[in-house]
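Structure assessment
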Amino acid sequence: MKELIEYITRSLVDAPDQVDVRELKTGNRIRLELRVAKDDMGRVIGKSGRVANSIRSLLRVAAEREGKQASLEVIEPQ
Amino acid sequence: MDERTTLEVIAPTVEEALAKGLSQLGLTADAVSVEVLDTGGKGLFGLGGRQVRVRLTVNGPDKKPALEEPQDTPETVTEPVPIGAEPEKIAGADTSSEEKDQLIDLSEGAVSKLLALMNLKAQVSAHFGNTDREGRIPVDVEIRGDDLGVLIGRRSETLNAFQYIASLIVSKKLEQWVQLHVDVEGYRSRRERQLRRMAKRMAEQTIKTGRRHVLEPMPPNERRFIHLELRDHPGVRTESSGEEPHRKVAILPRED
């Protein structure tokens with residue numbers, strides 16, 4: 001799941017080396033935290049969150065295949 | 001709130017459901033509004049087709065049929081399916097054949113990679129599709145395999161998300177907008193035929209009853225087939241209302 005998020009976001013941003021995905025597991029639930037360069041925020045979120053929500057749809061399928069629940073959080077850069 | 005009697009009926013076809021509902025209510029067709037809740041037959045890959053489900057709402061004595069206020073201008077069929085805010089450039093035209101091969105390879109590669117990372121086993125093949133109204137050539141990507149229902153999702157929401165992400169990935173690589181049309185086991189083309197058939201059926205109903213028929217909520221690409229199928233219909237016109245993802249097409253008698 002981490003790899004899926006990394007592949008998608010690195011393919012969409014201008015600064016792929018600044019893509020950071022962290023996986024936080026709590027039992028069956030996995031929380032993925034995504035950090036990208038400030039200028040790339042718009043690219044991974046999209047208009048009205050369309051890109052991020054589409055990524056979440058794909059993540060849901062990947063998680064279900066493993067019998068898990070996953071959520072994706074795009075973290076604002078400091 | 002106004003109170004109306006409503007009745008939900010399940011039957012093999014819309015016509016039968018309507019007839020059944022009317023006889024239960026002891027009313028004629030012009031005393032009710034009809035809403036199709038489930039067009040039936042939407043079983044994945046043509047299997048497990050369901051019956052249709054309609055809701056009949058008895059019109060108040062001096063009330064117009066349950067009209068929802070149109071909140072925005074109806075989409076027109078000349079509009080392309082919204083594909084996001086990307087610059088819309090020509091995918092295939094103006095590029096050399098080498099670049100075209102590269103585009104096909106990139107598309108197949110991105111889709112295969114996504115599928116693998118989603119733990120889905122499938123075969124992927126891409127080729128150029130038909131030029132659209134704006135002269136753009138989309139890339140058609142066909143995915144084949146078993147148990148790919150999860151990739152389609154409810155009302156093809158997952159497949160649309162997949163298609164969008166795959167298009168973005170390829171477009172970013174080529175630095176120009178490329179629209180991928182991703183289909184799974186011919187699902188989209190089957191659905192298009194189904195929707196067009198249903199549109200014709202509902203148009204007949206609309207003419208027969210003189211009443212508007214509201215279809216179940218559909219994503220933009222599916223609503224478009226209804227508009228397209230009926231755009232030149234002499235007896236009915238279509239319009240959409242409501243907010244995504246609950247936007248619905250209504251079929252209305254033409255008033256001119």
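The structure under discussion appears in the preceding block.
This paragraph deals with the packing of helix 5 (residues 187-209) of chain B against helix 6 (residues 220-230) of chain B. All names here are of chain B. As a packed pair, helix 5 and helix 6 sit with axes 9 Å apart at the nearest point and diverge in direction by 45 degrees. Overall, the two elements helix 5 and helix 6 adopt an arrangement that is oblique. When the axes of helix 5 and helix 6 are compared, the crossing they make is right-handed. Contacts between helix 5 and helix 6 pair Tyr-187, Arg-188, Arg-191, Glu-192, Leu-195, Arg-196, Met-198, Ala-199, Lys-200 and Ala-203 from the former with Asn-221, Glu-222, Phe-225, Ile-226, Leu-228, Glu-229 and Leu-230 from the latter.

A word on the packing of aromatic side chains. Using the criterion set out here, one finds 0 aromatic pairs over all chains in the structure. Directly above the aromatic system of Tyr164(B) lies the positively charged group of Arg50(A), at a separation of 3.7 Å from the ring centroid. Lying across the ring of Tyr7(A), Lys113(B) places its NZ or CZ 5.6 Å from the centre.

Residues and elements named next belong to chain B. One open sheet accounts for 3 strands, arranged 4-5-6; its pairing is mixed. A single partner strand is all that each edge strand has here, and the edge strands are strand 4 (123-128) and strand 6 (180-184). With strand direction ignored, the average angle separating the axes of adjacent strands in the sheet is 20 degrees. Of the pairings in the sheet, the one linking strand 5 (residues 139-144) to strand 6 comprises 5 bridges and is parallel in character. Of the residues in strand 6, the one forming a bridge with Ile-143 is Val-184. Where helix 2 (residues 97-117) meets the sheet, its contacts fall on strand 4, strand 5 and strand 6, and the angle it forms with strand 4 comes to roughly 150 degrees.

Turning our eyes to something else, we now look at the sheet that holds strand 3 (residues 69-74) of chain A. Residues and elements named next belong to chain A. Spatial strand order, 1-2-3: 3 strands in an open sheet with mixed pairing. Edge positions in the sheet fall to strand 1 (20-26) and strand 3, since each of these pairs with one other strand and no more. Ignoring which end each strand starts from, the neighbouring axes of this sheet average 20 degrees apart. Bridging between strand 1 and strand 2 (residues 29-35) involves 7 bridges; their strand directions are antiparallel. The residue bridging Val-21 from the neighbouring strand is Leu-34, located in strand 2. Across the sheet, helix 3 (residues 50-65) is in contact with strand 2 and strand 3; its angle to strand 3 comes to roughly 155 degrees.

Turning our attention to the interface of chain A and chain B. On the chain B side, the residues contacting the 20 residues of chain A number 20 residues. Summing both sides of the interface, chain A and chain B together bury roughly 1900 Å²; the carbon and sulfur share of this comes to 70%. Linking chain A to chain B there are 1 salt bridge. The partner of Asp14(A) in a salt bridge is Lys172(B), with the nearest N and O atoms 2.3 Å apart. Counting across the interface, chain A meets chain B through 3 residue pairs in polar contact (both at pLDDT 80 or more). Those elements that provide at least two residues to the side of chain A that touches chain B are helix 1 (2-12) and helix 3 of chain A. The biggest single contributor to the side of chain A that touches chain B is helix 3 of chain A, with 9 residues. A per-class count over the side of chain A that touches chain B returns 10 nonpolar, 3 polar and 7 charged.

Residues and elements named next belong to chain A. Summed over all chains, the structure comprises 19 salt bridges over all chains. Here Arg-22 makes a salt bridge to Asp-20, at a shortest N to O gap of 2.9 Å. Looking at Arg-22, the relative accessible area reads 42%, which means it is partly exposed. For Asp-20, a relative accessible area of 27% puts it in the partly exposed group.

So, how was this worked out
- Residues numbered from 1 in each chain as written.
- Chains lettered and ligands numbered in written order.
- Predicted model: local features only at pLDDT ≥ 70, side-chain atom pairs only at ≥ 80, totals over all residues.
- Heavy atoms only, no water.
- Axes fitted to C-alpha atoms, helices over the stretch in contact; angles between N-to-C directions.
- Helix = DSSP H or I, 4+ residues; strand = E, 2+ residues; numbered from the N terminus.
- Parallel < 35°, antiparallel > 145°, perpendicular 65-115°, else oblique.
- Left-handed = near helix turned anticlockwise from the far one by under 90°.
- Contact = heavy atoms within 4.5 Å.
- Phe/Tyr/Trp six-rings, centres within 6.5 Å; stacked < 30°, edge-to-face > 60°.
- Lys NZ or Arg CZ within 6 Å of the ring centre and 35° of its normal.
- Pairing = 2+ DSSP bridges.
- Buried area = accessible area lost by both parts, 1.4 Å probe.
- Salt bridge = Lys/Arg side-chain N within 4 Å of Asp/Glu carboxyl O.
- Polar contact = N/O pair within 3.5 Å; in protein donor to acceptor, adjacent residues only side chain to side chain.
- Nonpolar A, V, L, I, M, F, W, Y, C, P; charged D, E, K, R; others polar.
- Buried < 20%, exposed > 50% of the residue type's maximum accessible area, 1.4 Å probe, protein only.

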